[in-house]
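One letter stands for each residue in the lines below.
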Amino acid sequence: MSAAVSLTSRQNPTKIFDYPKYWAECYGHSKFLPTTREEMDALGWDSCDIIIVTGDAYVDHASFGMAVLGRTLEAQGFRVGIIDQPDWKDKSNFEVLGKPNLYFGVTAGNMDSMINRYTADRRLRHDDAYTPGELPGKRPERAVTVYSQKCKEAFKDVPIIIGGIEASLRRLAHYDYWSESIRRSVLLDSTADMLMYGNSERSLIEVSHRLANGEKIGDITNVRGTGFLRKKMPEGWDEIDSTRLDQPGRVVPKKNPYEYVNEDDKPEAGAEQAVKIIPDIGARQTDPERSFIRLPSFEQVRKDEILYAHTDRIFHKETNPGNARALVQRHGRNDIWLNPPPIPLTTEELDWVFEMPYQRVPHPKYGDARIPAYEMIRFSINIMRGCFGGCTFCSITEHEGRIIQSRSEKSILDEIEKVRDKTPGFTGVISDLGGPTANMYRLNCKDKKIEETCRRPSCVYPSICSNMQTDHSHTTQLYRKARDLDGVKKIAIASGLRYDLAVEDPEYVKELVTHHVGGYLKIAPEHSEDGPLDKMMKPGMGTYYRFKQMFEKFSKEAGKEQYLIPYFISAHPGSTDKDMMNLALWLKENGFRVDQVQNFYPSPMATATTMYYTERNPLKPVKKGDGEIVFSAKTKEQRKLHKAFLRYHDPDNWPALREALKRLGKMNLIGHGKGCLVPPETRREIEARKRNHRMKNTGAGKKFMHARTQHTGLPYNPDEQKKRQKPSGNKPKATNGNSKTGSSAKRTPLTKVKKSKTKR
């Protein structure tokens, strides 16, 4: 058994700026963190203490993870280098800064590399917003795993710590949408020594100092927000058995067949058990800081979808830093051990992180190349972290947590002035003042003790918790002070608005509508039907109508013509064909036309992804046989149909919609009447359908040619060959290689149809 080690303090954690500085503090801070050996030499460094490997271009801005962690570690006195978007095919690219003295920190970047690479329909994207020039292919698929393995190949004895959104969402066994399989924890695939999940400034700073003081990374097992492999369980801890659905009685621990037991080390008769195993029903009587939950193993959840849903339910109940227990999941001979989530940063600590000497621009080595992700946040200000909404399709709770961490008003206003004075191209408009949501700034639980014991997955669903603050006066005051700053012409609010919270404070809505809406305001009802909304944990349409009434009232009072732009998701778990039909009817009735459509994207470890894979609802107790069945549109045809319902006005979708309406027994919705969804077939459509049917049956009109794979080249084309041989006097026309084939939007923006005008 491992020696008992207590977790770092939950009540009084060390402030992240109170650690003694590392000796290399004498070098001061660099204008940009070095990315080459030449830049290191210019700083007078002989080596880096920490090297961060990232899949994003290096932008020295507080919205980019590598810059935030690099700057906060630099402030601790460490020499931090960055290897950005290395060519993973050659290990020499991971040796450009030499061998780090402490460890490699590996991240895929601000986006999951698979989501960055593929659309929701598994089509390749042809651009990358985090790469100079939007060029695709600058990061590998499953970047955390590939980068970590290359770092290990380059320097076998250097510890590797993985983190960021990709590692966070793969910390346990998880459903992988792209391979349609259950994959192991990324800790095993990457061969990393430690995983950090969530916003990891606190945990990374502590681990860095302990490594600098000579501790081995394998001995650091008590830092919150970390995960690692374990062969033995610590002594003196209670094990809560949650490996099966039924409530067990007396539990007899199974013997580990791989563990060697020395006869001399066997406990004497009557000796106390090192690890006490108790049934899941007794979990409430245990100390969260001295107990862990044993989840169903990787092998179990890979074979049993019900157990996978059960695991998801347990996992999401253990996300509150105030009461969460460690989680353990066996993978073959090893156990993955996850410590409870990190303690959220205080306002003072968060201010310190955002007040680092960021240059707020990309590294100069990129020249004038455009980085769209930077352009989007160039003039925006992040005012808070976290989200207590708990939407099942979103991964913010799994990554950042649901406790809101807010910056001080002074820190935010100071940053606006820095943008005004230092950011190139500033014209007086702050593009956003927000975060994961626009209006959760300084909204927290009224009672700290209640917050620390709460296990609700959402503070606003099915209704707003009575213990949740809904007074937006801090946000309203912040907007007014920001507006009054010299040189600031307008403060826009671009982050998504939680309108169910906003309606609780009419003064905030009036302030927002009167001064901070540029004609259009994005909100996200996501659906019109209660069934899908329940699976999303989103409010009903009654709240939408209530907010819409306020929005129109205050817009009229301000003398402005403004519009709400609702966003919707198609093919979300729980959404049937009938639900999508009703949503399409709602859109038509309210005069909306969808501009772009985004199908539900099953991201790792999201609750909605579990619904999609298992067709069970982990929001309720999961049972064998009689559990709630959740419909999910999985086939290409089903998902395409759900998209088509949202674009009911597109003639290309009418044939599929007519067939669906016939199956649903809704022939009355086919016609030219006001209440109809699609028109009947035209004579031209009927003739085309018959012609296609004849060609399909006879094979007429088919052209056959030899096909080759992308690895062997395109099929031989004689006409093309003649063109190459016969030179032309005309110069070739330039083409734009940045065309998009897949929308990267997360939801469906709409256009509003009003009389003869089209508003977007």
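Procedures and definitions
Residues numbered from 1 in each chain as written. Predicted model: local features only at pLDDT ≥ 70, side-chain atom pairs only at ≥ 80, totals over all residues. Heavy atoms only, no water. Core = buried A, V, L, I, M, F, W, Y, C linked by side-chain atoms within 4.5 Å. Buried < 20%, exposed > 50% of the residue type's maximum accessible area, 1.4 Å probe, protein only. Contact = heavy atoms within 4.5 Å. 1 Å grid on protein atoms, 1.4 Å probe; cavity = no way out; pocket = protein on both sides within 12 Å on 5 of 7 lines; lining within 4 Å. Points joined across faces, edges and corners; volume = space filled by probe spheres on them. Helix = DSSP H or I, 4+ residues; strand = E, 2+ residues; numbered from the N terminus. Nonpolar A, V, L, I, M, F, W, Y, C, P; charged D, E, K, R; others polar. Salt bridge = Lys/Arg side-chain N within 4 Å of Asp/Glu carboxyl O. pLDDT = per-residue confidence, 0-100. Pairing = 2+ DSSP bridges. Phe/Tyr/Trp six-rings, centres within 6.5 Å; stacked < 30°, edge-to-face > 60°. Lys NZ or Arg CZ within 6 Å of the ring centre and 35° of its normal. Axes fitted to C-alpha atoms, helices over the stretch in contact; angles between N-to-C directions. Parallel < 35°, antiparallel > 145°, perpendicular 65-115°, else oblique. Left-handed = near helix turned anticlockwise from the far one by under 90°.

Digging into the nonpolar core
Step number 1: Counting 71 residues, the largest nonpolar core has Ile416, Leu433, Leu497, Phe547 and Phe645 as the members making the most contacts within it.
Step number 2: The residues contacting Phe645, other than those within four sequence positions of it, are Asp577, Met580, Met581, Ala584, Leu657, Ala660, Leu661 and Leu677.
Step number 3: Grouped together as the second largest cluster of nonpolar side chains are 46 residues, Tyr22, Tyr58, Leu211 and Tyr374 included.

Regarding empty space enclosed by the protein
Step number 1: By the definition in use, this model includes five cavities of 30 Å³ or more.
Step number 2: In this structure, the largest cavity is lined by 29 residues; those nearest its centre are Tyr197, Pro341, Pro342, His399 and Glu400.
Step number 3: Contributions of two or more residues to the lining of the largest cavity are made by α7 (201-212) and α12 (396-400).
Step number 4: If one sorts the elements of the lining of the largest cavity by residue count, α12 sits on top with four residues.
Step number 5: When the residues that make up the lining of the largest cavity are grouped by side-chain class, the tally is twelve nonpolar, eight polar and nine charged.

Focus on the pattern of salt bridges
Step number 1: Inspection of every chain in the model, using the stated rule, returns 49 salt bridges.
Step number 2: The partner of Glu409 in a salt bridge is Lys481, with the nearest N and O atoms 2.6 Å apart. Linking Glu409 in helix α13 (residues 409-422) with Lys481 in helix α15 (residues 473-483), this pair joins segments that are 72 residues apart in sequence.
Step number 3: Residue Glu409 is classed as buried on the basis of its relative accessible area, which comes to 19%.
Step number 4: Of the residues examined, Lys481 reaches a relative accessible area of 36% and is grouped as partly exposed.

Structural notes on the environment of Gly98
Step number 1: Structurally, Gly98 is set in the loop between β2 (80-84) and β3 (103-107).
Step number 2: Judged by relative accessible area, which is 10%, Gly98 ranks as buried.

So, the confidence of the model for the protein chain
Step number 1: Taken over all residues, the pLDDT of the protein chain has a mean of 88, while the share at 70 or more is 85%.
Step number 2: Across residues 720-746 the pLDDT falls below 50, and counting only partners more than four positions away or on other chains, this stretch makes 17 contacts in the model.
Step number 3: Here residues 754-760 is a poorly scored stretch, pLDDT under 50, and it has 13 contacts once near neighbours within four places are set aside; other chains count.

Regarding the pairing of strand β13 (residues 334-338)
Step number 1: Among the five residues in β13, five count as buried, and that is most of the element.
Step number 2: Here β13 shows two buried faces, one formed by Asn334, Ile336 and Leu338 and the other by Asp335 and Trp337.
Step number 3: Judged from the four bridges that link them, strand β8 (residues 226-230) and β13 form a sheet pairing that is antiparallel. Within β13, the residue paired with Gly227 across the bridge is Leu338.
Step number 4: Pairing between strand β12 (residues 326-331) and β13: five bridges, direction antiparallel. Opposite Val328, over in β13, you have Trp337 as the bridge partner.
Step number 5: The turn joining β12 and β13, which pair antiparallel and follow one another in sequence, is formed by two residues; a positive phi near 65° is taken by Gly332.

Some words on the packing of aromatic side chains
What describes a pair of aromatic rings is the distance from one ring centre to the other and the angle between the planes of the rings.
Step number 1: Using the criterion set out here, one finds 28 aromatic pairs in the structure.
Step number 2: Taking the centre distance of 5.9 Å and the plane angle of 75° together, the rings of Tyr177 and Tyr612 count as edge-to-face. With Tyr177 in the loop between β5 (174-176) and β6 (181-183) and Tyr612 in helix α21 (residues 607-614), the pair connects residues that are 435 residues apart, well separated along the chain. Here Tyr177 and Tyr612 have matching classes, each one buried.
Step number 3: Put simply, the rings of Tyr175, Tyr177, Trp178, Tyr308, Phe600, Tyr601, Tyr612 and Tyr613 pair up and form one aromatic cluster.
Step number 4: The ring of Trp88 carries Lys89 above its face, with NZ or CZ at 4.1 Å from the centroid.
Step number 5: When the ring centre of Tyr197 is taken as origin, the NZ or CZ atom of Arg171, which lies over that ring, is 4.1 Å away.

Looking at unusual backbone geometry
Step number 1: Cis rather than trans, the peptide bond between Tyr461 and Pro462 has omega equal to 5°.
Step number 2: Looking at the secondary structure, you find Pro462 in the loop between α14 (448-453) and α15.
Step number 3: Of note in the backbone geometry, Glu134 takes a positive phi value of approximately 60° without being a glycine.
Step number 4: Relative to the assigned elements, Glu134 resides in the loop between α3 (113-117) and α4 (143-154).
Step number 5: Of note, the phi angle at Ala571 is positive, near 65°, even though the residue is not glycine.
Step number 6: Note on placement: Ala571 falls in the loop between β21 (563-568) and α20 (577-589).

What to know about the packing of helix α2 (residues 65-75) against α7
Step number 1: Remark: α2 packs on α7, axes separated minimally by 11 Å, with the N-to-C direction vectors making an angle of 45°. Classed by the angle they form, the pair α2 and α7 counts as oblique. As α2 runs across α7, the sense of the crossing is right-handed. Where α2 abuts α7, its residues Val68, Leu69, Thr72 and Leu73 lie against Glu201, Leu204, Ile205 and Ser208.

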